[in-house]
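Here are the chains, one letter per residue:
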2 protein chains.
Amino acid sequence: MTTSSELTHFFKPDSVAIIGSFRKGFFGGYVIVDSLLQGGYKGKIYPVNPNYEQVLGIRVYPSLEQIPGDIDLALIMINARGVPELIKQCADKGVKAAIIIADGFAERNEQGAQLQEQVQQLAKQAHIRLMGPNTAGVVNPIDNFYPCPYEAGYHTIQKGAIALISQTGMTNPQAFPYQDYHCGVSKICDLGNKCDVDECDLLEYLAEDEHTKVVGIYLEGIKDGKRFLRVARAVSSRKPVLIVKSGRTTQGAAASASHTGSMAVNDAIFDAVCAQTGVIRLDTFDELFEVPKIFATQPLPRGGRFGILTITGGMAVMAIDYGAPFGLQLAGMQPQTASFLDSIFSGSGHMPVDIGPMMAAVRGTFSRYHEILDALMADSNVDALLHIPWAHPSEDIIESYVRAYENIRGRYQKPVVTWVYGPSSQAVSELAYRLERMGFPVFKQLETAIKALGLALQYSQKRMASDAQ
Amino acid sequence: MTTSSELTHFFKPDSVAIIGSFRKGFFGGYVIVDSLLQGGYKGKIYPVNPNYEQVLGIRVYPSLEQIPGDIDLALIMINARGVPELIKQCADKGVKAAIIIADGFAERNEQGAQLQEQVQQLAKQAHIRLMGPNTAGVVNPIDNFYPCPYEAGYHTIQKGAIALISQTGMTNPQAFPYQDYHCGVSKICDLGNKCDVDECDLLEYLAEDEHTKVVGIYLEGIKDGKRFLRVARAVSSRKPVLIVKSGRTTQGAAASASHTGSMAVNDAIFDAVCAQTGVIRLDTFDELFEVPKIFATQPLPRGGRFGILTITGGMAVMAIDYGAPFGLQLAGMQPQTASFLDSIFSGSGHMPVDIGPMMAAVRGTFSRYHEILDALMADSNVDALLHIPWAHPSEDIIESYVRAYENIRGRYQKPVVTWVYGPSSQAVSELAYRLERMGFPVFKQLETAIKALGLALQYSQKRMASDAQ
């Protein structure tokens, strides 16, 4: 039984003990203490190791029992063999939760699996909640809690509405450039071998978390299928839950057994589970960072009629083609919108709005860009908009786009997805950065932009259908 | 009937006439002349327009007939209505080929379709080969020929072995950051409305092109199905041909009709065509720039046993899972390779080789990285290698990786695909750049790296099967 308050000890502890080596390097206790300090953690930090006196100006205690205060959370990175004894010490000390970063458990071999079983039993008896083993742990940007065991080279992440749960450290700061990720994050958690806390516990916790609007999950397997069905359905009806699951093939399943000791779920069954629970299944790891952005920043679409404003006709064809299986269809256009566009360039008043020919023929097209974008957003035929701007290094063009988005910002209850392309990676990045900072998601691939919009539509339709019941 | 020599006029003309406006701007004759000059074109340049005397220091002729020399190629960017008359002038002047950049033809309306038909007939009578209309034209980096009608902000592209044919200008320099694309290009061609030169002509031309090792194509439709079957099969048996095709859905097909006037092919039929001809079908536009890299730079795999060297166990699980449907399976390991790895860190001597735990436990792991990579490449169980390095901002790590690749370069007839990840976008880009400059393709997504390897395996197997017959 999990209660939200129990998991709070993992994400918002008042005090943490770090048990491990404090030698400077890419990995270890030193990195955690450094990361906690630089990330701005306000709670108490207790490094534990009999061979050190001090690390980064903080006193190191020879053992847990000599720590003067209470400990909410223990971060454990010692050799696996020593972990059972340490859990006993945690029990004696009244530690409430522990993250076992150490590896060498069920993912390694049979001996490791026995060790994991032993650790799990000891913790259970002492009412200590465990995360891991074999995990990179958690991050909570909202409360400036960054207990990162791997050196990332930066120390804070933009606060936001996306929670990421993962059965790998690949969503933790050392693996992903959160500094260049313009969409903020509420929580990150690597579940590791899931000997205690699992995806269902986290889902229940995040359903209650006021900062989290969407949950993205990478899983190798499901720990408790029955509970997952129940919890996933309940959480999905409140917040979108997006999952990438490996172990689709027998080869992949075998590999995940040796990675986190997971038992894989038959893939067709998992598809059925997603359909039943309303969980949205993603296909690639990259999508885990891309698709949640629409849910975190945009209103849900009320229908599938999407407008397209583009400077390339070819990509509009791709977008329409790719969107159709999601139920997206090219929007029509009100007469006043069409006549407005035709007044700028005859023949342009229809969807998709391809301003390529207009740009080539009419000087000053860009100075009217904000009017064009606004006209499409205001059109009652348009439920959502795909925008494909051309990020040319010319400052004028980029400013025209930014001005157009500033003009529509907050004025329409319709989602906008953007794919930026162009001859300069730097200009593409700059425009993407500026738009995302304004709250408009920009996707790295056109197909992902359309997919995000399509999944938002499907989620919206399910929610509307169940709200109507 | 196409002969290679006819298409040479498009890609390697001795003289070009540019008929259009020479007003400075993002688009037009001015941009073409500028691009030809800055790209280093050595042939004769004849701008044509009665309202100008000079552009960028070059004489502008009032009409084609007043040009003193012969003209291999005419680049036409005047109003569609004037194009038939201009083609007559081209005929009188003995122009050999013309690229009609102008739009407003079959993609616009019925009137435009009639105009296109008229232009086509006139050119045919005069034995002028046509590209377009409604095209951004061609680029030939090998011969420094950059007749770009849209301003890209840069002037040359790295020379290489990838040819890109497209039914959109989205593969031309103004749309894609070729400056940051580390894999070189041999030819680029936007087919536009394909009133004459089509995908089959280009395929036949590129099959003979000594600089082209792989052809990537974006199509909205096939002009001549029977011929395509024959040509695609013949070319595929010599060089890999990769195609992204839109118009998969009825909505997408309708959209492509108004984009380039294309008749779409039923999608299931197109799949069958690919299977019959050996053409490799891609799914996304991004893949068109990613997948060809393996064919351009790496030997074909002789079998599907792939080794993995990774610093993240989770991504190895994903890779194995994703690779299985392509026929890729995790390689085994020779005893001497296993004992070498175990000598560095006990328990690491098995596939996938996860150096994460080794790195955490053994100081100086990175100083031995070149030995580790080399041991895997040398292992006779390994037909191909997936490498997943962690691009941490630390200069030491990046240098260790670079040294490891330098060490294996040119020594093994086995493909290597790389996916770089890490906490710093800049470090990821830097490592990717350095590896690609050495000839090792680095993919933006793990899934694309595996897909590229899987498609190379399938192509290799087909080639081996047909060679054996």
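This one's a predicted model, so the numbers in the text were calculated from it and none came from an experiment.

Reading the values: rules and limits
- Residues numbered from 1 in each chain as written.
- Chains lettered and ligands numbered in written order.
- Predicted model: local features only at pLDDT ≥ 70, side-chain atom pairs only at ≥ 80, totals over all residues.
- Heavy atoms only, no water.
- Least-squares fit on C-alpha atoms with pLDDT ≥ 70 in both.
- Contact = heavy atoms within 4.5 Å.
- Pairing = 2+ DSSP bridges.
- Helix = DSSP H or I, 4+ residues; strand = E, 2+ residues; numbered from the N terminus.
- Axes fitted to C-alpha atoms, helices over the stretch in contact; angles between N-to-C directions.
- Buried area = accessible area lost by both parts, 1.4 Å probe.
- Polar contact = N/O pair within 3.5 Å; in protein donor to acceptor, adjacent residues only side chain to side chain.
- Nonpolar A, V, L, I, M, F, W, Y, C, P; charged D, E, K, R; others polar.
- Domains from an automatic or database assignment.
- Salt bridge = Lys/Arg side-chain N within 4 Å of Asp/Glu carboxyl O.
- Core = buried A, V, L, I, M, F, W, Y, C linked by side-chain atoms within 4.5 Å.
- Buried < 20%, exposed > 50% of the residue type's maximum accessible area, 1.4 Å probe, protein only.
- Parallel < 35°, antiparallel > 145°, perpendicular 65-115°, else oblique.
- Left-handed = near helix turned anticlockwise from the far one by under 90°.
- Arc of directions from axis to C-beta.

**Points about the relation of the copies chain B and chain A**
Part 1 of the reasoning: For these two chains of identical sequence, chain B goes onto chain A by a turn of 180° and a shift of 0.0 Å along the axis, with RMSD 0.0 Å. The transformation just described matches what one would write down for a two-fold rotation axis. Identified as the residue of chain B closest to the rotation axis by C-alpha distance is lysine 444 of chain B, at 5.2 Å.
Part 2 of the reasoning: A shared binding surface is used by both copies, with 100% of the interface residues of chain B retained as interface residues in chain A.

**Digging into the sheet that holds strand S7 (residues 129-131) of chain A**
Residue and element names in this part refer to chain A.
Part 1 of the reasoning: One open sheet accounts for five strands, arranged S2-S1-S5-S6-S7; its pairing is parallel. Because the sheet does not close on itself, it has two edges, and the strands there are strand S2 (44-48) and S7. Taking each pair of neighbouring strands and ignoring which way they run, the sheet shows an average axis angle of 20°.
Part 2 of the reasoning: As defined by bridge partners, strand S1 (residues 15-20) adjoins S2 across five bridges and the pair is classed as parallel. Paired with alanine 17 across the strands is tyrosine 46, a residue of S2.
Part 3 of the reasoning: Helix H2 (residues 29-39) rests against S1, S2 and strand S5 (73-77) of the sheet, and its axis sits at about 155° to S1.

**Considering the interface of chain B and chain A**
Part 1 of the reasoning: Each partner contributes residues to the interface: chain B has 62 residues there, and chain A has 62 residues.
Part 2 of the reasoning: Between chain B and chain A lies a buried interface of about 4,900 Å² when both sides are counted; carbon and sulfur atoms form 64% of it.
Part 3 of the reasoning: At the boundary of chain B and chain A, one finds 12 residue pairs in polar contact (both at pLDDT 80 or more).
Part 4 of the reasoning: If you list the elements that add at least two residues to the side of chain B that touches chain A, you get strand S12 (241-245), helix H7 (250-260), helix H11 (313-323) and helix H13 (355-361) of chain B.
Part 5 of the reasoning: Considered class by class, the residues forming the side of chain B that touches chain A number 28 nonpolar, 20 polar and 14 charged.

**Thoughts on the domain arrangement of chain A**
All names here are of chain A.
Part 1 of the reasoning: For chain A, the assigned domains read domain 1 (4-293) and domain 2 (299-468).
Part 2 of the reasoning: On a C-alpha basis, the centroid separation for the pair domain 1 and domain 2 is 38 Å.
Part 3 of the reasoning: At the interface, 16 residues of domain 1 touch 16 residues of domain 2.
Part 4 of the reasoning: Interface of domain 1 and domain 2: buried area, both sides summed, is about 1,400 Å²; carbon and sulfur atoms make up 53% of it.
Part 5 of the reasoning: The interface formed by domain 1 and domain 2 contains four salt bridges.
Part 6 of the reasoning: Here lysine 444 and aspartate 286 are joined by a salt bridge, their closest N and O atoms 2.8 Å apart.
Part 7 of the reasoning: When residues of the side of domain 1 that touches domain 2 are traced back to their parent elements, those giving at least two are strand S13 (280-282) and helix H9 (287-290).

**Quick look at the nonpolar core**
Part 1 of the reasoning: Counting 197 residues, the largest nonpolar core has Tyr178 and Leu386 of chain A together with Tyr178 and Leu386 of chain B as the members making the most contacts within it.
Part 2 of the reasoning: In contact with leucine 386 of chain A, other than residues within four places in its own chain, are Phe306, Gly307, Ile308, Leu309, Ala319, Val417, Leu446, Ala449 and Ile450 of chain A.

**Section: unusual backbone geometry**
Part 1 of the reasoning: Each neighbour pair has its own omega, and for glycine 132 of chain A with proline 133 of chain A the value is -5°, a cis peptide bond.
Part 2 of the reasoning: Mapped onto the elements, proline 133 of chain A comes out in the loop between S7 and strand S8 (138-139).
Part 3 of the reasoning: The omega torsion of the bond from methionine 351 of chain A to proline 352 of chain A falls at -15°, within 30 degrees of zero and hence cis.
Part 4 of the reasoning: With respect to the helices, strands and loops of the structure, proline 352 of chain A is situated in the loop between helix H12 (335-344) and strand S16 (353-354).
Part 5 of the reasoning: The phi dihedral of asparagine 134 of chain B falls on the positive side, at around 65°, and the residue is not glycine.

**A short note on the sheet that holds strand S8 (residues 138-139) of chain B**
All names here are of chain B.
Part 1 of the reasoning: Pairing within the open sheet is mixed, and its six strands lie in the order S8-S10-S9-S11-S12-S13. The open sheet has two free edges, formed respectively by S8 and strand S13 (280-282), since each of these has just one partner strand.
Part 2 of the reasoning: As judged from the five bridges shared by strand S9 (residues 159-166) and strand S11 (residues 214-219), these two strands associate in the parallel manner. In the strand pairing of S11, isoleucine 165 is matched with isoleucine 217.

**Examining H2 of chain A**
For the α-helix, the turn length of 3.6 residues means that residues three or four positions removed from each other point alike.
Residue and element names in this part refer to chain A.
Part 1 of the reasoning: With nine of 11 residues buried, H2 lies mostly within the body of the structure.
Part 2 of the reasoning: The complete set of buried residues in H2 reads Gly29, Tyr30, Val31, Ile32, Val33, Asp34, Ser35, Leu36 and Gly39.
Part 3 of the reasoning: Of the surrounding elements, those touching the buried residues of H2 are S1, S2, strand S3 (54-55), strand S4 (58-59) and S5.
Part 4 of the reasoning: Glycine 40 lies just past H2 and shows a positive phi near 95°.

**A look at the packing of helix H6 (residues 225-236) of chain B against helix H8 (residues 267-277) of chain B**
Two numbers describe a pair of packed helices, the interaxial angle and the distance between the axes.
Residues and elements named next belong to chain B.
Part 1 of the reasoning: One can describe the packing of H6 onto H8 by two numbers: an axis separation of 8 Å at closest approach and a directional angle of 40°. One way to sum up the angle between H6 and H8 is to call them oblique. Once H6 is placed against H8, the crossing between them reads as right-handed. Between H6, through Phe228, Leu229, Ala232, Arg233 and Ser236, and H8, the contact on the second element is made entirely by Phe270, Val273, Gln276 and Thr277.
Part 2 of the reasoning: Its residues placed into classes, the contact of H6 with H8 shows five nonpolar, three polar and one charged.

**Some details on H8 of chain B**
Residues and elements named next belong to chain B.
Part 1 of the reasoning: Listing the buried residues of H8 in full gives Asp267, Phe270, Val273, Cys274 and Thr277. An end-on view of H8 places all buried positions within 105° of arc, on one side of the element. Along H8, exposed side chains directed more than 90 degrees from the buried face belong to Ala268 and Ala275.
Part 2 of the reasoning: Buried positions along H8 lie against H6, S12 and S13.

**A word on the packing of helix H15 (residues 395-408) of chain A against helix H16 (residues 425-437) of chain A**
Residues and elements named next belong to chain A.
Part 1 of the reasoning: Running from amino to carboxyl end, H15 crosses H16 at an angle of 20°, the nearest separation of the two axes being 10 Å. Relative to H16, the element H15 is oriented roughly parallel. For the pair H15 and H16, the sense of crossing is right-handed. On H16, the residues touching Glu395, Ile398, Glu399, Tyr401, Val402 and Tyr405 of H15 are Ala427, Glu430, Leu431, Arg434 and Leu435.
Part 2 of the reasoning: When the residues that make up the contact of H15 with H16 are grouped by side-chain class, the tally is seven nonpolar, no polar and four charged.

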